[in-house]
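# Geometric and topological summary
One letter stands for each residue in the lines below.
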Amino acid sequence: HKGGGNDKGEGRGEGERIGDGVSGMLKAASATGVAVVVGAEEPEPSGGAGAAGVSGGDEPTPSAPDDALEANDSEGASAAFTSTTTAAAARTATAVVEAVLVEAAAAVASTSASSSVAAAAAAAVPAHELFDAHCHWHLNSNSSAFTVSLARSLSGAAFTSTQPPDWTAAVAAAAAATATAAAATACAATASSTTTPNGLIAAAATDIVAATSGDGAEERRPPGFGLALGLHPWWAHLHPVRTDPVWLETLRSHLLALPAAIVGEIGLDRVAVPMDDAGQKTGEPDYQNQLECFHAQLALAAELERPIAMHCVKAYGDVGDIFRARETMPPRVLMHSYGGTAAFLVGLTRMKRWGARFYFGFSAVVNLRSPKTAAVIRAVPADRLVIESDLVSPHGAEADLRTMLAFVAEARGWSVADAARITRENAHRFYAAQHT
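The paragraphs below set out a description of the structure included in this document. (Residues numbered from 1 in each chain as written. Predicted model: local features only at pLDDT ≥ 70, side-chain atom pairs only at ≥ 80, totals over all residues. Heavy atoms only, no water.)

### Details of the pairing of strand β4 (residues 262–269)
- The buried count for β4 comes to eight of eight residues, which makes it a mostly enclosed element.
- Direction of pairing for strand β3 (residues 227–229) relative to β4: parallel, over a ladder of two bridges. Looking at the pairing, L229 lines up with V263 of β4.
- Between the parallel pair β4 and strand β5 (residues 308–313), the chain is carried across by helix α9 (residues 287–304), and the sense of this crossover is right-handed. (Buried < 20%, exposed > 50% of the residue type's maximum accessible area, 1.4 Å probe, protein only. Helix = DSSP H or I, 4+ residues; strand = E, 2+ residues; numbered from the N terminus. Pairing = 2+ DSSP bridges. Right-handed = clockwise from strand over helix to strand, strands pointing away.)

In structure tokens form, the structure reads like this:
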């Protein structure tokens, strides 16, 4: 699944904003008759199954610069610079270019200063004011103690599973993260002594209910809070619903035992190819099976009235059609690490029956690779925007959350404190917990 590497290109968003400002000034210079040579835009990095985060955008790669920005070597343009106006043109060109350079430097300095201020403010936000709306830390078995410690220091963390074999670990992590200190110890002991997922889930639910029912409970979060159980499209080939329906019934029983758990990570991915646990390709894509697994889990979530955490890569048209055609829907849908266009996002939020149910998450590891992310974030309704780490390793997750928080604050024109409060409250609302 998504790795926890540090090479995420967090600075691309800032750099592209600076570039946009300089581009505008260069166009102004071009309009005065100054020939300016500008290189082609760098293509947007491409993502793929197995990368450290997968960009799900269907948007085209950035286009080359406008023709107006290219050097004009035509005879007509050259003829305009006659011998009688060469000196004046040179003075004009020098003045314009100097002005462009001064304004460009000011733009860079202003943007850098703004980003530095936002980053500094984000670094100062107390951890308990941050909510990670989508993470996979339970998959990192070497960091279980740090995982629980980090999750308990935050306002919340949503442990999102990927396939049946990791449901047990996700349940244990969420239980330890949301229970009282005493119950967390009991859950850890249960995890080490219980051999079956059903037994662990039942024991964890019992521990949390007991821990949150007394007058002295530290927290009052229901069993399954901050937990998503489901089958990710990357692993759907291992559990085809046509020939292996048992996992779907097991999922139902787990959800019934944990009334606050949601369904996820589910969805569609046209880029993914079947892989084994070592990440090696094992066959050809079976998109039809993905569709069947997605439909089955979507129907279960709607039946049990559970939100879903949604993965979508290069399948936005199908996803939109499926949502529009449904007679029933889950109460809330998180389009996590959303990589689609602003137009598609707006289309979802304006759906007549289901538009108010869509939330959108953004992570540094996936979304800061695209120069369009700021504009997409501005299109999200303020009460449906969340931040997430979307990492397997907890190490670096808090830093990524703060990076994304600063980016959201700048994109929306909010203070960092307001961005933390808004995204935190939205995440609590999505996972149906009280604001803390």
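### Brief notes about the packing of aromatic side chains
- Taken as a whole and assessed by the stated rule, the structure comprises eleven aromatic pairs.
- Aromatic side chains Y338 and F360 sit 5.3 Å apart centroid to centroid with 80 degrees between the ring planes, which places their arrangement in the edge-to-face category. One end of the pair, Y338, is in the loop between β6 (333–335) and α11 (342–349); the other, F360, is in strand β7 (residues 358–363), and 22 residues separate them in sequence.
- Feature note: the residues F131, F225, Y359, F430 and Y431 constitute an aromatic cluster, connected by ring pairs.
- Sitting over the ring of Y287, R270 keeps its end group 3.9 Å from the ring centre. (Phe/Tyr/Trp six-rings, centres within 6.5 Å; stacked < 30°, edge-to-face > 60°. Lys NZ or Arg CZ within 6 Å of the ring centre and 35° of its normal.)

### A short note on the packing of α9 against helix α10 (residues 316–325)
- At their nearest, the axes of α9 and α10 sit 13 Å apart, and the two run at 35 degrees to each other. Pair α9 / α10 crosses with right-handed handedness. Contacts between α9 and α10 involve Y287, L291, F294, H295 and L298 on the former and, on the latter, D318, I322 and F323.
- Its residues placed into classes, the contact of α9 with α10 shows six nonpolar, one polar and one charged. (Axes fitted to C-alpha atoms, helices over the stretch in contact; angles between N-to-C directions. Left-handed = near helix turned anticlockwise from the far one by under 90°. Contact = heavy atoms within 4.5 Å. Nonpolar A, V, L, I, M, F, W, Y, C, P; charged D, E, K, R; others polar.)

### Regarding the pairing of β7
- Burial runs high along β7: six of the six residues are buried.
- Of the two faces of β7, the one lined by F358, F360 and F362 and the one lined by Y359, G361 and S363 are each fully buried.
- The sheet contact formed by β6 and β7 spans three bridges and is parallel. Residue V333 lies in a different strand from β7, and its bridge partner there is F358.
- In this fold, the crossover linking β6 to β7 by way of α11 has right-handed handedness.

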